[in-house]
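Secondary and tertiary structure notes
One letter stands for each residue in the lines below.
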Amino acid sequence: MKITIVGTGYVGLVSGTCFAETGNRVVCVDIDQTKVDKLSSGVITIYEPGLEKLFQRNLKEGRLHFTTNLADGVKNAQIIFLALPTPPGEDGNADLKYVLEVAKDLGRILQPGDYKVIVDKSTVPVGTADKVRNTILESGKAEGKNITTAFDVVSNPEFLREGVAVSDFMKPDRVVIGTSTEKASKIMGELYAPFVRQGNPIIYMDEKSAELTKYAANSFLATKITFMNEIARLCELLGADVDMVRKGIGSDERIGRRFLFPGIGYGGSCLPKDVQALAKSSAEANYNFKILDAVMKVNEAQKTYIIPKIKTYFNGELKGKHFALWGLAFKPNTDDIREAPALYIIDALLAEGATITAFDPEAMNNVKGVKGEAIAYAEDQYTALKNADALIIATEWSEFRTPEFDQIAILLKKKVIFDGRNLFDLNQMQQLGYYYASVGRVIV
Ligand code: NAD
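An account of the accompanying structure is given in this report. (Residues numbered from 1 in each chain as written. Predicted model: local features only at pLDDT ≥ 70, side-chain atom pairs only at ≥ 80, totals over all residues. Heavy atoms only, no water.)

1. So, the site of the ligand
Taken together, 26 residues sit near the ligand, with Asp 30, Lys 35, Thr 86, Glu 162 and Lys 273 positioned nearest. Between a nitrogen atom of the ligand and a main-chain N or O atom of Ile 31, the distance comes to 3.4 Å. Protein burial of the ligand: of its 830 Å² of free accessible surface, 89% is covered by the chains. Elements that contribute at least two residues to the shell around the ligand include exactly helix H1 (10-21) and helix H5 (97-109). Of the residues assigned to the shell around the ligand, the class counts are 12 nonpolar, seven polar and seven charged. (Near = heavy atom within 4 Å. Polar contact = N/O pair within 3.5 Å; in protein donor to acceptor, adjacent residues only side chain to side chain. Areas by Shrake-Rupley, 256 points an atom, 1.4 Å probe, with all protein chains shown as cover. Helix = DSSP H or I, 4+ residues; strand = E, 2+ residues; numbered from the N terminus. Nonpolar A, V, L, I, M, F, W, Y, C, P; charged D, E, K, R; others polar.)

Take a look at the structure:
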């Protein structure tokens, strides 16, 4: 099939590459000229495990192309995906300006008799498929065209997780296709057939249900994490161990083992904005979705939850203290720092007059882009420790899990670790003589 992806960020580049991998001819369109130039010349623009190999192969085979020209990009496409940003607007709802601008452009480009399926892959509020359809129609009408039968708009939310995006895309748990036309259903079903050969379902539904499914999924996940973060806080107050509680409840199939790890809050480009957008959509529908308000409030506080612990350890005075910070990305295996808890920790420490040397395997350049020289950056995890008063861990990268504790002890001024991701065993840390503060676990 001939496919165009508009928006070549995390979702667009992964989707485009994976569609090319199953034999489709894919054109990726982006307004960012630098990005398009890099990608066209074989330089990948995001870090995502396994993506580079697929990207290089499909680029070489001529199945993957990049352009900034939308009209050229969609000329031969049977299916056009919109993988555009939907950041929070001023009112908290998803800002649809990127999606609707492209819809307007598509209205100018589409021609009667040349049918295309337009797919919303961005996470968008209920009713957006209708808005996209109307925007395209009106813009076509303004050009004197009737393109009513030249396209259908489908909602096909994306559930990939950054860090494992390629395997999530190639073998999705499910594919959700929201459409009310048989023609579009059939085309989308054919496109996705190679991805669900193991029997995972393609679930067909109407556009609105598909749009809400994505928000419901992310809000549920955010709620699950937040619930555990609250249990962790209670564990600290009551002297229970959240690891034990987690195992105790996770073995119940109704609850499941995943997404039960407490920490310093969820971040990233999706969960925070999607919970906020669903709360806003609910309010607009005159429904007060109370759980979501609590989730947002708890998560906001959770991101800097270790700061009071650090302050208490240093007798309330952080001015002049120097910290090593391991982990900047919002989660491991990505360079994405959007809404990363580490950034909130950095701001809180700098505001107290502390200094920081950070290390992250992939995200340091992105942090340099927003924080500049406000903090120092180390070449490796051990160099970051030099002369620091304590180590703070904000992201659970695998290489942080079994570090050389002897080295840490030599490089830090004192053996002090504040672990926001519960990487180490409490008993081991006690035996090694570390002051070790983690989340929801206290040494009794
Ligand atoms: P992103 O910011 O990484 O990428 C968006 C891309 O769109 C950028 O490259 C930008 O230059 C480009 N763009 C902006 N305006 C454009 C225009 N007019 N024409 C062409 N390109 C344009 O965003 P993302 O993380 O890929 O997210 C895209 C959507 O997918 C969002 O709605 C997001 O909520 C959703 N989503 C993201 C993830 C994820 O893990 N990142 C997962 C599922 C769903």
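Here the narrative resumes.
2. Looking at the nonpolar core
Counting residues in hydrophobic clusters, the biggest one holds 63 residues, and the most contacted among them are Ile 310, Phe 323, Leu 328, Leu 349, Leu 385 and Ile 417. Per-element tally for this core: the top contributor is helix H14 (residues 341-351), with six residues. Setting aside chain neighbours within four positions, we find Ile 310 in contact with Leu 318, Phe 323, Ile 392 and Phe 418. Of all hydrophobic cores here, the second largest spans 40 residues; its members include Val 14, Cys 28, Leu 59 and Phe 195. (Core = buried A, V, L, I, M, F, W, Y, C linked by side-chain atoms within 4.5 Å. Buried < 20%, exposed > 50% of the residue type's maximum accessible area, 1.4 Å probe, protein only. Contact = heavy atoms within 4.5 Å.)

3. Description of the pattern of salt bridges
Evaluated as defined, the whole model comprises 20 salt bridges. Note that Glu 300 is salt-bridged to Lys 303, the shortest N-O span being 3.4 Å. Looking at Glu 300, the relative accessible area reads 43%, which means it is partly exposed. Where Arg 338 meets Asp 336, a salt bridge forms, and the shortest distance between an N and an O atom there is 3.0 Å. For Asp 336, a relative accessible area of 3% translates into the label buried. Beyond isolated ion pairs, a larger network of salt bridges with shared partners links Glu 162, Asp 336 and Arg 338. (Salt bridge = Lys/Arg side-chain N within 4 Å of Asp/Glu carboxyl O.)

4. A look at the layout of surface pockets
Considered as a void within the structure, the second largest pocket measures approximately 230 Å³ in volume. Along its surface, the second largest pocket is lined by 14 residues, and Pro 272, Lys 273, Gln 276, Lys 303 and Glu 339 are the ones closest to its centre. When the residues that make up the lining of the second largest pocket are grouped by side-chain class, the tally is five nonpolar, four polar and five charged. (1 Å grid on protein atoms, 1.4 Å probe; cavity = no way out; pocket = protein on both sides within 12 Å on 5 of 7 lines; lining within 4 Å. Points joined across faces, edges and corners; volume = space filled by probe spheres on them.)

5. Notes on the environment of Val 166
If you trace the backbone, Val 166 turns up in helix H7 (residues 165-170). Taking the relative accessible area as the measure of exposure, Val 166 reaches 9% and is therefore buried. Distance from Val 166 to Thr 17, taken between C-alpha atoms, is 8.9 Å for residues 149 residues apart in sequence. When sequence neighbours within four positions are dropped, the list of residues in contact with Val 166 reads Val 14, Cys 18, Pro 49, Gly 50, Leu 51 and Leu 54.

6. Concerning empty space enclosed by the protein
A full pass over the atoms with the stated rule returns one cavity of 30 Å³ or more. Put simply, the largest cavity is a space of about 30 Å³. Lining the largest cavity, in full, are Thr 86, Pro 88, Gly 92, Asn 93, Ala 94, Thr 123, Tyr 215, Lys 273, Asp 274 and Ala 277. Counting residues per element, the lining of the largest cavity draws most heavily on helix H11 (residues 271-284), which supplies three residues. Looking at side-chain class alone, the lining of the largest cavity contains four nonpolar, four polar and two charged residues.

7. Focus: the side chain of Glu 158
Within the element layout of this structure, Glu 158 appears in the loop between strand E6 (151-155) and H7. In this structure Glu 158 comes out as buried when scored by relative accessible area, which is 11%. Aside from chain neighbours lying at most four places away, what touches Glu 158 is Val 11, Lys 121, Phe 169 and Lys 214.

8. Quick word on H11
Taking 1.5 Å of rise per residue, the 14 residues of H11 would be expected to cover 20 Å, and the 20 Å separating its terminal C-alpha atoms lies within 8% of that figure. Every buried residue of H11 is accounted for by Leu 271, Pro 272, Lys 273, Asp 274, Val 275, Ala 277, Leu 278, Ala 279 and Ser 282. Next to the buried residues of H11 lie helix H9 (207-238) and helix H12 (290-302). Of the residues flanking the end of H11, it is Asn 286, one or two places downstream, whose phi is positive at about 60°. (Expected span 1.5 Å × (residues − 1).)

9. Observations concerning the pairing of strand E5 (residues 116-120)
Sheet faces and side chains relate simply in a regular strand, where the side chains alternate between the two faces. Within E5, five of the five residues are buried, leaving the element largely enclosed by the surrounding structure. With four bridges connecting them, strand E4 (residues 79-82) and E5 associate as parallel partners. Within E5, the position partnered with Ile 79 by the bridge is Val 117. For the crossover that starts at E4, traverses H5 and ends in the parallel E5, the hand is right-handed. Relative to E6, E5 runs parallel, the two sharing five bridges. Across the sheet, residue Asp 120 finds its bridge partner in E6, namely Ser 155. Following the chain from E5 across helix H6 (residues 128-142) to the adjacent parallel E6, one finds a crossover that is right-handed. (Pairing = 2+ DSSP bridges. Right-handed = clockwise from strand over helix to strand, strands pointing away.)

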